[in-house]
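So the chains spell out like this:
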Amino acid sequence: VKNVGILAMEIYFPPTCVQQEALEVHDGVSKGKYTIGLGQDCMAFCTDVEDIISMSLTAVSSLLEKYNVDPKQIGRLEVGSETVLDKSKAIKTFLMQIFEEHGNTDIEGVDSTNACYGGTAALFNCVNWVESSSWDGRYGLVICTDSAVYAEGPARPTGGAASIAMLVGPDAPIVFESKLRGSHMAHAYDFYKPNLASEYPVVDGKLSQSCYLMSVDACYKHYCNKYEKFEGKQFSVDDAEYIVFHSPYNKLVQKSFARLMYNDFLRNARSINEDAKEKLSPFSNLSIDESYQSRDLEKVSQQVAKPLYDKKVQPTTLIPKQIGNTYTASLYSAFASLIHNKQSELTGKRIIMFSYGSGLAATMFSFRLNEGQHPFSLSNIAAVMNVADKLESRHELMEHRYGAKDFVTSNDTSLLAPGTYYLTEVDSSYRRFYAKK
Ligand code: ACO
């Protein structure tokens, strides 16, 4: 088997979202705190009619339909999620409904959980299966599905919700460079969910930021070492066309890329020009701990990294900025943004991926891209995901219902008390109709 990787992708996020600007006003924080301070535009959330299971059912059935994949052709189904609705029954078993209908119950795989890393674990399981002696020639299917919600406080604006489905097999347009993986796994209490009755995590925001950045450093170091071992030459960010990060909020992505540049500076790598070298030289003798604490280094390295950030990272940021942290789906929603923005231009390019899950588990790995063959081609993946329309239509729903005509409402009254009146329909002559629960 050659060129094992991702053949097809579909993304689903709820149409309901809140503008970060409006959330700033609502929370009474200073203007710009969420939009500039965190770098976020909008946050998706599930209403009471959607959850991680319904979103994943939507993503899976849409993928199978739009790429014309027979459900019988799936031999492995893996789910990554950290949203626990049942302590024993896997989310995967809910998705089996789609396959049972078609007489296919011969499908391996269950759920993987470790905060935002579960999706990557699921993806690796599928890729490893296709590359192994137990592979039966069918496709693997990976689903990352999460609804991220936080208790009131500074973490609340970093929520989000989405589901992503990815088809795995040989001869893919998105090929794993399987030998090049650098991981960092350790014991930390930066973000965890010990209260089984609550959907909210316990989170130490500052600690989670530094665990994340330390993981970026450690994984990059391992990745570079492996690259150098196999390729016989030094690796720098110049060897990757794009770099995609797990994206709890955009500011952390900016800091992470700056951190890679600082690593390249310390390694005397070719991505660092004379100007950058001069600006970073005051920081060459910091201890590693000092380097995490230095606000000056953070500022200068972000400034030095800015031109390359705009080129190599900015095209990956659209969806995470628009829907928020989607935990296991976050990294792959950033990757989906890149495919949406660059499509066939990605042919021949190397893409670096950084996955982080609190607690903690992190891996840096890479893809090599080619156009592929319809329907499994970069341009078709972009067409199927249809990100621009999905983002646009949710704004339409919010902005255009006022004064609009000719629509029926969702008629979902589950949150309304008995006796409450609700809007059911506005007909083509702007006549409004109501019912009583
Ligand atoms: N205008 C512009 N910028 C502002 C403003 C303003 N009005 N107010 C604050 N800021 C800036 C701050 O200067 C800071 O920027 P900096 O980091 O460049 O210095 C930034 O906004 C954040 O503000 P802080 O006060 O440092 O942090 P805050 O109390 O808002 O908390 C945090 C942020 C820790 C990220 C919180 O939202 C959180 O706990 N989130 C969940 C944990 C998380 O996502 N961790 C990441 C990895 S783990 C994971 O994926 C879950």
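Throughout, residues of each chain are indexed from 1 in the direction in which the sequence is written. Per-residue local features of the predicted model are confined to residues with pLDDT of at least 70, and side-chain atom pairs are confined, for both listing and counting, to 80 or more; whole-chain, interface and lining totals are unaffected and use all residues. Excluded from the side-chain calculation are hydrogens and water; included are all heavy atoms of the structure.

A. Expanded view of the overall build of the protein chain. Only runs of H or I of at least four residues qualify as helices and only runs of E of at least two qualify as strands under DSSP, and these elements are numbered from the N terminus. Helix and strand counts for the protein chain come out as 14 helices and 18 strands. In terms of overall dimensions, the protein chain is globule-like: its C-alpha atoms have a radius of gyration of 22 Å, near the 22 Å expected for 437 residues. Each principal axis of the C-alpha distribution contributes one length, and for the protein chain these read about 70 × 55 × 40 Å. The proportion of buried residues among the 437 residues of the protein chain is 54%. We call two residues contacting when some pair of their heavy atoms lies within 4.5 Å. Within the protein chain, counting contacts between residues at least 6 apart in sequence, those at least 24 apart form 72% of the total. Methods summary: accessible areas were calculated by the Shrake-Rupley approach with a probe of 1.4 Å, and residue burial reflects only the protein chains presented. Accessible area for the protein chain stands at about 19600 Å²; split by element, carbon and sulfur atoms hold 50% of it. Distance between charge centres in the protein chain, computed from 44 positive and 52 negative side chains, equals 3 Å. Here the globule rule is a power law, 2.2 Å times the number of residues to the power 0.38, and the radius of gyration is based on C-alpha atoms. Each residue is assigned to one of three classes by its accessible area relative to the maximum for its type, calculated with a 1.4 Å probe on protein chains only: buried under 20%, partly exposed between the two thresholds, exposed over 50%. By the counting rule applied here, Lys and Arg register as positive and Asp and Glu as negative, while His and the ends of each chain are not counted. A charge is said to be at NZ when it belongs to Lys, at CZ for Arg, at CG for Asp and at CD for Glu.

B. The arrangement of the domain arrangement of the protein chain in detail. An automatic or database domain assignment supplies the residue ranges for each domain. As assigned here, the protein chain comprises domain 1 (5–395) and domain 2 (406–436). Centre-to-centre, using C-alpha coordinates, domain 1 lies 39 Å away from domain 2.

C. Region of the structure containing the site of the ligand. The nearness test applies per residue and asks whether one of its heavy atoms lies within 4 Å of the molecule or strand. In the vicinity of the ligand, 27 residues are found, and the nearest of them are Ser-30, Ser-208, Lys-251, Lys-255 and Arg-295. Here a polar contact means two N or O atoms within 3.5 Å. Within protein one must be a hydrogen donor candidate and the other an acceptor candidate, and residues neighboring in sequence count only if both atoms are side-chain atoms. In the environment of the ligand, a nitrogen atom lies 2.8 Å from a nitrogen or oxygen atom belonging to the side chain of Ser-30. Burial of the ligand by the protein chains amounts to 79% of its free accessible area of 1000 Å². When contributions to the shell around the ligand are tallied by element, the ones reaching two or more residues are α2 (33–37), α6 (205–231) and α7 (250–266).

D. Quick look at α7. With 17 residues, α7 should reach 24 Å at 1.5 Å per residue; the first-to-last C-alpha distance of 25 Å fits that figure. Taken across its 17 residues, α7 has 14 buried, putting it largely inside the fold. Backbone geometry just downstream of α7 places Asn-268 in the positive-phi region, at approximately 55°. Working rule for helices: expected span equals 1.5 Å times residues minus one.

E. How the structure looks around the pairing of strand β8 (residues 174–185). Note on pairing: DSSP must find at least two bridges between two strands before they are called paired. As defined by bridge partners, strand β1 (residues 5–12) adjoins β8 across 2 bridges and the pair is classed as antiparallel. Paired with Ile-6 across the bridge in β8 is Ile-174. In the sheet, β8 pairs with strand β13 (residues 361–369) via 8 bridges, with the strands oriented antiparallel. Paired with Phe-176 across the bridge in β13 is Phe-367.

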